[in-house]
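One-letter residues, chain by chain:
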Amino acid sequence: MTTTPPPVRQIRDISGLMDHASHVLATRMAAAFTELGITPRAYCVLFHAQEAERTQIQLAELADLDKTTMVVTVDELEKAGLAERRPAATDRRARIVSVTEEGARAVVRGTAIADRVHRELLETLPQPEREMFLTALTNLVEGHLAEPVEVERTVRRARRARGQ
């Protein structure tokens, strides 16, 4: 059996860099949200529920959560007194997630936490690179990386606590 060396990469492993950055940012965000006593996922649901009257299904789509995770998240929010479910006016089978006054205060505090974590990240870059980084990342996620492509085998998403 002959051993041949692996090919030399011609381009940096962008997938690995983005996966690592996403994971570390998610852990930093989760750690920061412990001061509020909720997860970034719960904050994301509260944030979007406060923006407009939305059903659990709509919020799950916005927060990128499956149905089961969404139900568990709203259960946690209800138990903490931050949100409550109520029937939708247009479809009694659908449930609206309504943010309580305490939940609204959590959204304000959570927004400050998320902004702080993001600011700390950006401050690690030299000033001229910050805007370039944000512009480049925005261009990617609004352009070439806006939508996943169809594949035969399901691509498993990395485990993460994605806030927004």
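Parameters at a glance
- Going along each chain's sequence as written, the residues are numbered from 1 onward.
- Where totals are concerned, whole chains, interfaces and linings use all residues; where local detail is concerned, this predicted model gives features only for residues with pLDDT of at least 70, and gives and counts side-chain atom pairs only at 80 or more.
- Calculation of side-chain values draws on the structure's entire complement of heavy atoms; hydrogens and water are dropped beforehand.
- Excluding any residue in a salt bridge, patches collect residues exceeding 30% relative accessible area, merging like charges within 9 Å and nonpolar Val, Leu, Ile, Met, Phe, Trp and Tyr side chains within 5 Å.
- Each accessible area is a Shrake-Rupley estimate made with a 1.4 Å probe; only the visible protein chains count as cover when residues are assessed.
- A pairing counts as a salt bridge when a side-chain nitrogen of Lys or Arg comes within 4 Å of a carboxyl oxygen of Asp or Glu.
- Secondary structure is summarised from DSSP: a helix means a run of H or I of at least four residues, a strand means a run of E of at least two, and numbering begins at the N terminus for each.
- The rule is simple: take the accessible area with a 1.4 Å probe, protein chains only, and divide by the maximum for that residue type; under 20% is buried, over 50% is exposed, in between is partly exposed.
- Axis lines are fitted to C-alpha atoms, over the contacting stretch for helices. Their N-to-C directions set the angle, which ranges from 0 to 180 degrees.
- Between 65 and 115 degrees an angle is taken as roughly perpendicular, under 35 as roughly parallel, over 145 as roughly antiparallel, and anywhere else as oblique.
- Residue contacts are defined here by distance: any two heavy atoms, one from each residue, within 4.5 Å place the two residues in contact.
- When residue character is reported, Ala, Val, Leu, Ile, Met, Phe, Trp, Tyr, Cys and Pro are called nonpolar, Asp, Glu, Lys and Arg charged, and the others, Gly included, polar.
- Buried residues of nine kinds, namely Ala, Val, Leu, Ile, Met, Phe, Trp, Tyr and Cys, make up a nonpolar core once their side-chain atoms join them within 4.5 Å.
- As a per-residue quantity, pLDDT reports the predictor's confidence and falls between 0 and 100.

**Quick look at a nonpolar patch on the surface**
Residues Ile11, Ile14, Met18, Leu121, Phe133, Leu134, Leu137, Leu140, Val141 and Leu145 make up a contiguous nonpolar surface patch of about 820 Å² in total accessible area. Put simply, the parts of the chain that give the nonpolar patch at least two residues each are helix H1 (14-33) and helix H6 (127-142). Tallying contributions element by element places H6 first for the nonpolar patch, with five residues. Within the secondary structure layout, isoleucine 14 lies in helix H1. Classification of isoleucine 14 as partly exposed rests on a relative accessible area of 48%.

**Some points on the packing of helix H3 (residues 56-63) against helix H4 (residues 67-79)**
Helices that pack against each other are described as a pair by the angle of their axes relative to one another and the distance between those axes. Interaxial distance between H3 and H4 falls to 10 Å at its minimum, and their mutual angle equals 105°. Considered as vectors, H3 and H4 are oriented roughly perpendicular to each other. Between H3 and H4, the contacting residues are Gln56, Leu59 and Ala60 on the first element and Met70, Val71 and Val74 on the second. Each residue belonging to the contact of H3 with H4 can be placed in one class, and the counts come to five nonpolar, one polar and no charged.

**Regarding the nonpolar core**
Counting residues in hydrophobic clusters, the biggest one holds 27 residues, and the most contacted among them are Phe33, Ile38, Val45, Leu46, Met70 and Leu77. Those elements that place two or more of their residues in this core are H1, helix H2 (40-51), H3, H4, strand S2 (95-99) and helix H5 (101-122). Ranked by residues supplied to this core, first place goes to H2 with six residues. When near neighbours in sequence (up to four residues on either side) are disregarded, leucine 46 contacts Ile38, Leu77, Leu82, Ala83, Val99, Gly103, Ala106 and Val107.

**Regarding the confidence of the model for the chain**
Across the chain, pLDDT averages 91, with 94% of residues at or above 70. Summarising per-element confidence for the chain, the mean pLDDT is lowest in H3 (93) and highest in H5 (98). Counting interchain partners and residues more than four positions distant, the pLDDT-below-50 stretch residues 159-164 has 11 contacts.

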